[in-house]
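Understanding the architecture of this molecule
One letter stands for each residue in the lines below.
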Amino acid sequence: MIMKKIHFITFYLICTSAIAQNFEPVYKQMPTISAEKFTPVTQDRGFVLIGNPTSTSDLPPATIGKPYINEDFIEARVNNGEKLFRLRYNNHEDVIEYEKSKNEILFLNKEANTLIEFTNGKKLYLKDVKYGKKTENGYFENVIKGNNVSIFKNQKITYSEGNKKSNGYSQTSQPEYKPEKEKLYIEIDEILYPFESPKDIIKLLPNQEKDLKKYLKENKISLESITDMKKLIVFIDGIY
């Protein structure tokens, strides 16, 4: 009986996807404590449904804060498509959540959903980022677009379980989601690198070191000033 249901769902999804103008983004079940393993019900033209969707109640419990800078679901387009989906960015998990229905909230598959365009103007790009020798990927906002180099940003939220017991050195504390400071990244040859000062950028561009040092000596650049950063990117574009 179960196999018949699965075959029916597969047949239905394949048929509907064949006539649809816009395909839904690839998504997967949200994390759950359950050890049960799920297998794809169907896969057709990039559409993958894995297991049964769960709710945000499966995320780590917390009494202070939330894993979102903006908790609201906002209509958005995926991968330059035309169809709108109710999405939001989870700053703690670094994933996009899809509100398929009031009782179904899913994670989008990162590798298959590389551009998220919210109707409020915010755009998130899936980018590779290098931390030392380690390379990861994640969603970032473009701040300044250059011809050869660009500036991106993101803001993560960390989770602390808190202390359940107090002793002579520490007090009890509640679990907490805590926003980190917004971080900047420079994109060079399609790879993002974090930086905290203009000197960090010099290290990433050894071939332009002499010209960059001279420019930074003659111009006071503030990372908090969009105007200053635009001038810096224009200069780097000219010598890259």
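I will try to describe carefully the structure that is included in this document. (Residues numbered from 1 in each chain as written. Predicted model: local features only at pLDDT ≥ 70, side-chain atom pairs only at ≥ 80, totals over all residues. Heavy atoms only, no water.)

**Concerning the packing of aromatic side chains**
Applying the stated criterion across every chain, the model contains six aromatic pairs. Measuring from ring centre to ring centre gives 5.6 Å for Phe85 and Tyr98, while their planes differ by 90 degrees; the resulting arrangement is edge-to-face. Note that Phe85 is positioned in strand S5 (residues 85–90) and Tyr98 in strand S6 (residues 95–101), a separation of 13 residues in sequence. Positioned above the aromatic ring of Tyr68 is the side chain of Arg88, whose terminal nitrogen or guanidinium carbon lies 4.0 Å from the ring centre. (Phe/Tyr/Trp six-rings, centres within 6.5 Å; stacked < 30°, edge-to-face > 60°. Helix = DSSP H or I, 4+ residues; strand = E, 2+ residues; numbered from the N terminus. Lys NZ or Arg CZ within 6 Å of the ring centre and 35° of its normal.)

**Here we look at helix H3 (residues 209–218)**
Buried within H3 we find Leu212, Tyr215 and Leu216. An end-on view of H3 places all buried positions within 95 degrees of arc, on one side of the element. The exposed residues of H3 that point more than 90 degrees off its buried face are Lys210, Lys214, Lys217 and Glu218. Buried residues along H3 sit against helix H2 (198–204) and helix H4 (226–239). (Buried < 20%, exposed > 50% of the residue type's maximum accessible area, 1.4 Å probe, protein only. Arc of directions from axis to C-beta. Contact = heavy atoms within 4.5 Å.)

**Quick notes on the side chain of Lys127**
Among the structural elements, Lys127 can be located in strand S9 (residues 123–131). Those residues in contact with Lys127, other than ones at most four positions away along the chain, are Glu136, Asn137, Gly138, Phe140, Phe152, Glu187 and Leu192.

**Comments concerning the pattern of salt bridges**
When charged atoms on two side chains of opposite charge get close, those side chains can pair. Under the criterion given, the structure shown has 13 salt bridges. Salt-bridge contacts for Glu71 lead to Lys66; the nearest nitrogen and oxygen are separated by 2.7 Å. A relative accessible area of 36% places Glu71 in the partly exposed class. Several salt bridges share partner residues, and in doing so they unite Arg86, Glu99 and Lys102 into one network. (Salt bridge = Lys/Arg side-chain N within 4 Å of Asp/Glu carboxyl O.)

**A closer look at H4**
An α-helical turn contains 3.6 residues, so a residue and the one three or four places further along point in the same direction. Between its first and last C-alpha, H4 extends 20 Å over 14 residues, near the 20 Å set by a 1.5 Å rise per residue. Every buried residue of H4 is accounted for by Asp228, Met229, Leu232, Ile233, Ile236 and Asp237. Turning to H4, the residues buried within the fold contact strand S10 (134–144), strand S11 (149–154), strand S15 (191–195), H2 and H3. (Expected span 1.5 Å × (residues − 1).)

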